[in-house]
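# Report on the structure
Next come the chains, spelled out residue by residue.
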Amino acid sequence: METALLSFCNWSTLGVCAALKLPQISAVLAARSAQGISLPSLLLELAGFLVFLRYQHYYGYPLLTYLEYPILIAQDIILLLCVFHFNGNVKQAAPYMAVFLSSWFILTLQKWIIDLAMNLCTFISAASKFAQLQYLWKTRDSGAVSALTWSLSSYTCATRIITTLITTSDLTILIRFMIMLAFNIWVTATVLRFRKTTVKAE
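Structural notes, computed from the coordinates. The structure presented is a predicted model; accordingly, all values stated were derived computationally and were not measured. (Residues numbered from 1 in each chain as written. Predicted model: local features only at pLDDT ≥ 70, side-chain atom pairs only at ≥ 80, totals over all residues. Heavy atoms only, no water.)

### Points about the overall build of the chain
Applied cut-off: Numbering goes from the N terminus for both helices and strands, where a helix is a DSSP run of H or I of at least four residues and a strand is a run of E of at least two. Radius of gyration here uses only the C-alpha atoms, and the compact-globule reference equals 2.2 Å multiplied by the residue count raised to the power 0.38. Relative accessibility decides the category of a residue: with a 1.4 Å probe and only protein chains considered, values under 20% of the type maximum give buried, values over 50% give exposed, and everything between is partly exposed. Contact criterion: two residues are considered in contact whenever any of their non-hydrogen atoms come within 4.5 Å of each other. The method behind every accessible area is Shrake-Rupley, applied with a 1.4 Å probe, and residues are considered shielded solely by the protein chains displayed. By the counting rule applied here, Lys and Arg register as positive and Asp and Glu as negative, while His and the ends of each chain are not counted. Note that the charge is assigned to NZ on lysines, CZ on arginines, CG on aspartates and CD on glutamates.
Within the chain, the regular secondary structure consists of eight helices and zero strands. Counting from the amino terminus, helix and strand elements in the chain follow one another as α-α-α-α-α-α-α-α. For 202 residues, the compact-globule formula gives about 17 Å, and the C-alpha radius of gyration of the chain, at 17 Å, lands near that figure. Across its three principal directions, the C-alpha atoms of the chain cover 50 × 40 × 25 Å. Per-residue burial over the chain gives 45% buried out of 202 residues. In the chain, the proportion of contacts linking residues at least 24 apart, taken out of those at least 6 apart, comes to 83%. For the chain, the exposed surface amounts to about 10000 Å²; the carbon and sulfur share of it is 70%. A distance of 9 Å separates the average location of the 14 positive side-chain charges in the chain from that of its 8 negative side-chain charges.

Laid out in structure tokens, this is it:
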């Protein structure tokens, strides 16, 4: 039973993550605008994904428990380039890409660096969600923000809580996923709230 549950959670998470950012990317491309998307939120999320992937890889955790992160990082990079493109400053993406690439190697120079980064990763990821919330509260317009993407993120956090409990029981990872689940649900609700407000106003 436990093996079947673990397998379902792992593969369903991978399946969801394979298309997680596609609704958001599609919404941005269809609107030809990055309205409603917070750039600081996206950059912080990408940083959090990078640290988390490096941490899991460094400690040799089962591949299926973090295989979605390379997919998520690739999708975030595409979304980031779309945001820079529609904001009219694509060249500004280059320094960020250089920092993220160099971080991959710096993070594992010493064990204490990756451990510290992972402890900060929860705060970085929470800050990325909070930045998106602040942007939504400020503009009171969900614009091109995809509620589907955020709700799917909630699902993947819930499944990763289960897989972590079954496999590694790493408390740092568990706390991270529980906090991310709460924030993802909060952002989803906020997006839907301001979407309804926009529709009524029209």
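### What about helix H3 (residues 39-58)?
Short version of the rule: Given the number of residues in a helix, its expected span is that number minus one, multiplied by 1.5 Å. What qualifies as a polar contact is a pair of N or O atoms within 3.5 Å, subject to a donor-acceptor requirement within protein and to the restriction that residues adjacent in sequence count only when both atoms come from side chains.
With 20 residues, H3 should cover 28 Å at 1.5 Å per step; its first-to-last C-alpha distance of 29 Å lies within 8% of that length. H3 sits mainly inside the fold: 15 of its 20 residues count as buried. Where H3 begins, the capping side chain belongs to Ser38, and its oxygen is found 3.2 Å from the backbone nitrogen of Ser41. Immediately downstream of H3, the backbone of Gly60 shows phi near 65°, a positive value.

### Here we look at the packing of H3 against helix H4 (residues 68-86)
We apply this condition: Axis definition: a line fitted to C-alpha atoms, over the contacting stretch in the case of helices. Angles run 0 to 180 degrees between N-to-C directions. Under this scheme an angle from 65 to 115 degrees is roughly perpendicular, one under 35 degrees roughly parallel, and one over 145 degrees roughly antiparallel; angles in between are oblique. The crossing is said to be left-handed when, going from far helix to near helix, the turn is anticlockwise and less than a right angle, and right-handed when the turn is clockwise. Polar here means any residue outside two lists: the nonpolar Ala, Val, Leu, Ile, Met, Phe, Trp, Tyr, Cys and Pro, and the charged Asp, Glu, Lys and Arg; Gly therefore counts as polar.
In the contact formed by H3 and H4, the axes pass within 10 Å of each other and the chain directions differ by 160°. Judged on the interaxial angle alone, H4 and H3 are roughly antiparallel. The element H3 and its partner H4 pack so that their crossing is left-handed. Contacts between H3 and H4 involve Leu39, Leu42, Leu43, Glu45, Leu46, Phe49, Leu50, Phe52 and Leu53 from the first element and Tyr69, Pro70, Leu72, Ile73, Asp76, Ile77, Leu79, Leu80, Val83 and Phe84 from the second. Considering only residue class, the contact of H3 with H4 consists of 17 nonpolar, no polar and two charged.

### Brief notes about the environment of Ala18
With respect to the helices, strands and loops of the structure, Ala18 is situated in helix H1 (residues 2-18). Here Ala18 falls in the partly exposed class, since its relative accessible area comes to 41%. For the pair formed by Ala18 and Pro70, sequence separation is 52 residues and the distance between their alpha carbons is 9.9 Å. Excluding its chain neighbours within four sequence positions, the residues that come into contact with Ala18 are Ile71 and Gln75.

### A short note on the pattern of salt bridges
Just so we agree on the cut-off: Any carboxyl oxygen of Asp or Glu that lies within 4 Å of a side-chain nitrogen of Lys or Arg is treated as forming a salt bridge with it.
Scanning all chains against the criterion turns up five salt bridges. The residue Glu45 makes a salt bridge to Lys129 at a minimum N-O spacing of 3.4 Å. Of this pair, Glu45 sits in helix H3 while Lys129 sits in helix H6 (residues 111-139), placing them 84 residues apart in sequence. We note that Glu45, like Lys129, is buried.

### A closer look at a nonpolar patch on the surface
Our working definition: A patch is a set of surface residues, each over 30% in relative accessible area and not in a salt bridge, joined within 9 Å for like charges and within 5 Å for the nonpolar side chains Val, Leu, Ile, Met, Phe, Trp and Tyr.
On the surface, a nonpolar cluster with roughly 480 Å² of combined accessible area is contributed by Trp112, Leu116, Leu120 and Phe123. Given the relative accessible area of 44%, Leu116 is considered partly exposed.

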